[in-house]
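Each chain, letter by letter, is given below.
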Amino acid sequence: MLDTTRPQPRPTPPAPRPEARLAPRRAPGWVAVVVALVAALGVHLTWQVFVATARGQRVDGMAFDGAEHGQGTLWVLAEPVLDVVSNTFVLAGIGVAVLLALVRRRWVLALQVAALIVGANVTTQVLKRWVYDRPDLLPGWDGPNALPSGHTTVAASIAAALLLAAPRGWRPLVAVAGAAWAAATGLSTMVGQWHRPSEVVAALLVVLVWGAAVCALTPASSLDRPRSPDDRMSTPGSKVVAGLMLLGGAAAGAVAAVVLGGLASGSSKVPFEGDVTAYAGGACGVLGVTALVFGVLLLLRQASARPAR
């Protein structure tokens, strides 16, 4: 007997859902703009306070002279750090940051991190040579203007570029490592009496200007992509690391402000010689600003790279 039943049609498979188009959030971009403007103002105020005034020059000079204490021992550690910085090293840093962005298929970000490194270092040279001068406010001649520090700008800009190009989960580690490297370079220039503390601080703020500008101009193609529709892209580790960096930076900055402010006004007694105290205070200032810069950049990058829902 023949089977006259008709075969049931196979169900049509559901059409694949189109990938949601990511869009950047506006609030982090505006915050990044404010940070860039504040950092730019910080560069000018650093020059205004420590270069354009006699008190500032005196305290900055005391920190510069204080580097002679223990210099022979510390220079063994500082010299290799400074020897790394060169034109070849800048090109290598650009190449690594760009390659990291390209591997992650962030085409616009690859151009942005290259612009960050080049722009920060060009800005430093323009400010140092043609915008700011160093008036002779104290007896004797102490050389031309050296604010901002070129070596510190190189190290900090490459570290910031790597932070912005790194995957989301790696950014806290890159922020800590980059801050340590930038601080080591800045302190090494002080050990070798290549730069004063204010010149290192100004370089770090120049890098913050460019890093915040990149975060403010984050396009849709540079956003972090969620792994699933329900992925909230929570980054508690980033908040903890950034919070500790900001807290430590604020504490070190407060110590530097008290120490250097007391020396400038002559109102405080110091347990050591004035130049040693100024040197220690300047080092605290460099450490504090470095931690603040990279803590802020970590928060800005995580916030600006998170797509809108």
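Asker: Quick question: what am I supposed to make of the overall build of the protein here?
Answerer: What the protein contains, in helices and strands, is ten helices and zero strands. Going residue by residue from the N terminus, the α and β elements of the protein occur as α-α-α-α-α-α-α-α-α-α. Evaluated residue by residue, the protein yields a buried proportion of 46% over its 309 residues. Residue pairs at least 24 apart in sequence account for 85% of intrachain contacts in the protein once pairs closer than 6 positions are excluded. Split by element, the accessible area of the protein, about 16200 Å² in all, is 68% carbon and sulfur.

Asker: Would you take a moment to explain the packing of helix 4 (residues 87–103) against helix 6 (residues 150–165) for this structure?
Answerer: Each packed pair of helices is defined by two parameters, the angle between the axes and the distance between the axes. Relative to each other, helix 4 and helix 6 sit at 10°, their axes nearing to 9 Å. As summarised for this structure, helix 4 and helix 6 are arranged roughly parallel, according to the angle between their axes. Contacts from Phe89, Val90, Gly93, Val96, Ala97, Leu100 and Ala101 of helix 4 reach helix 6 at Val154, Ile158, Ala161, Leu162 and Ala165. Split into classes, the residues belonging to the contact of helix 4 with helix 6 amount to eleven nonpolar, one polar and no charged.

Asker: Whenever I open this one, the nonpolar core confuses me. Can you help?
Answerer: Within soluble globular proteins, side chains that are nonpolar tend to cluster in buried spots. If you look at the biggest cluster of nonpolar residues, it comprises 63 residues, and the most contacted ones within it are Val43, Val113, Ile117, Leu163, Leu204, Val293 and Phe294. For this core, the elements supplying multiple residues, two or more each, are helix 1 (26–50), helix 4, helix 5 (107–131), helix 6, helix 7 (171–191), helix 8 (197–216), helix 9 (236–265) and helix 10 (274–304). The element contributing the most residues to this core is helix 8, with eleven residues. Excluding anything up to four places from it in sequence, Val113 contacts Ala97, Val98, Ala161, Leu164 and Ala165. Core analysis: the next-biggest nonpolar cluster, separate from the first, contains six residues, Val59, Met62, Leu260 and Ala278 among them.

Asker: In this structure, what is going on with the confidence of the model for the protein? I would like to understand it.
Answerer: Reading fine detail from the predicted coordinates is not recommended where pLDDT is low. Per-chain confidence: the protein averages 91 in pLDDT, with 90% of residues scoring 70 or above. Across residues 15–19, where pLDDT falls below 50, the model places zero contacts with residues more than four positions away in sequence or in other chains.

Asker: Help me out: how do you make sense of a nonpolar patch on the surface in this one?
Answerer: A cluster of nonpolar side chains, Val118, Val122, Val126, Trp130 and Val131, forms an exposed patch at the surface whose accessible area comes to about 490 Å². For Val118, the position within the fold is in helix 5. Accessibility expressed as a relative area gives 43% for Val118, which makes it partly exposed.

Asker: How should I be thinking about the layout of surface pockets in this particular structure?
Answerer: Where empty space is left in the structure can be found by rolling a water-sized probe over the atoms. Considered as a void within the structure, the largest pocket measures approximately 440 Å³ in volume. Looking at the lining of the largest pocket, the elements with two or more residues in it are helix 1, helix 2 (54–66), helix 8, helix 9 and helix 10. Counting residues per element, the lining of the largest pocket draws most heavily on helix 10, at eight residues. Here the residues of the lining of the largest pocket sort into 15 nonpolar, eight polar and one charged.

Asker: Please explain the packing of aromatic side chains as it appears in this structure.
Answerer: How two aromatic rings sit relative to each other is given by the distance of their centres and the angle of their planes. Enumeration according to the criterion identifies three aromatic pairs in this entry. The side chain of Arg196 reaches across the aromatic face of Phe64, ending 5.3 Å from its centre.

Asker: Which parts of the structure should I look at to understand the pattern of salt bridges?
Answerer: According to the stated counting rule, one finds six salt bridges in the structure shown. A salt bridge links Asp224 to Arg171, with the shortest nitrogen-to-oxygen separation between them at 2.8 Å. Separated by 53 residues along the polypeptide, Asp224 in the loop between helix 8 and helix 9 and Arg171 in helix 7 bring together distant segments of the chain.

Asker: Would you mind going over helix 10 with me for this structure?
Answerer: For an α-helix, the turn length of 3.6 residues means that residues three or four places apart are oriented alike. Its 31 residues place the ends of helix 10 44 Å apart at the C-alpha level, agreeing with the 45 Å of an ideal helix rising 1.5 Å per residue. The element helix 10 is largely enclosed, with a buried count of 22 among its 31 residues.

Asker: What is the right way to read the side chain of His195 from this model?
Answerer: In this fold, His195 is placed in the loop between helix 7 and helix 8. By relative accessible area, which is 8% here, His195 ends up buried. A polar atom in the side chain of His195 sits 3.5 Å from the side chain of Ser149. In this structure, His195 is in contact with Phe64, Lys128, Ala146, Ser149, Gly150, Thr189, Met190 and Val200, ignoring residues within four places of it in sequence.

Asker: Mind showing me how you'd approach the environment of Trp107 here?
Answerer: Summarising the element assignment, Trp107 is placed in helix 5. Residue Trp107 is classed as exposed on the basis of its relative accessible area, which comes to 52%. Expressed as a C-alpha distance, the spacing of Trp107 and Ser222, which sit 115 residues apart in the sequence, is 7.6 Å.

Each value, and the rule that gives it
- Residues numbered from 1 in each chain as written.
- Predicted model: local features only at pLDDT ≥ 70, side-chain atom pairs only at ≥ 80, totals over all residues.
- Heavy atoms only, no water.
- Helix = DSSP H or I, 4+ residues; strand = E, 2+ residues; numbered from the N terminus.
- Buried < 20%, exposed > 50% of the residue type's maximum accessible area, 1.4 Å probe, protein only.
- Contact = heavy atoms within 4.5 Å.
- Areas by Shrake-Rupley, 256 points an atom, 1.4 Å probe, with all protein chains shown as cover.
- Axes fitted to C-alpha atoms, helices over the stretch in contact; angles between N-to-C directions.
- Parallel < 35°, antiparallel > 145°, perpendicular 65-115°, else oblique.
- Nonpolar A, V, L, I, M, F, W, Y, C, P; charged D, E, K, R; others polar.
- Core = buried A, V, L, I, M, F, W, Y, C linked by side-chain atoms within 4.5 Å.
- pLDDT = per-residue confidence, 0-100.
- Patch = residues over 30% accessible without salt bridge, like charges linked within 9 Å, V, L, I, M, F, W, Y side chains within 5 Å.
- Salt bridge = Lys/Arg side-chain N within 4 Å of Asp/Glu carboxyl O.
- 1 Å grid on protein atoms, 1.4 Å probe; cavity = no way out; pocket = protein on both sides within 12 Å on 5 of 7 lines; lining within 4 Å.
- Points joined across faces, edges and corners; volume = space filled by probe spheres on them.
- Phe/Tyr/Trp six-rings, centres within 6.5 Å; stacked < 30°, edge-to-face > 60°.
- Lys NZ or Arg CZ within 6 Å of the ring centre and 35° of its normal.
- Expected span 1.5 Å × (residues − 1).
- Polar contact = N/O pair within 3.5 Å; in protein donor to acceptor, adjacent residues only side chain to side chain.

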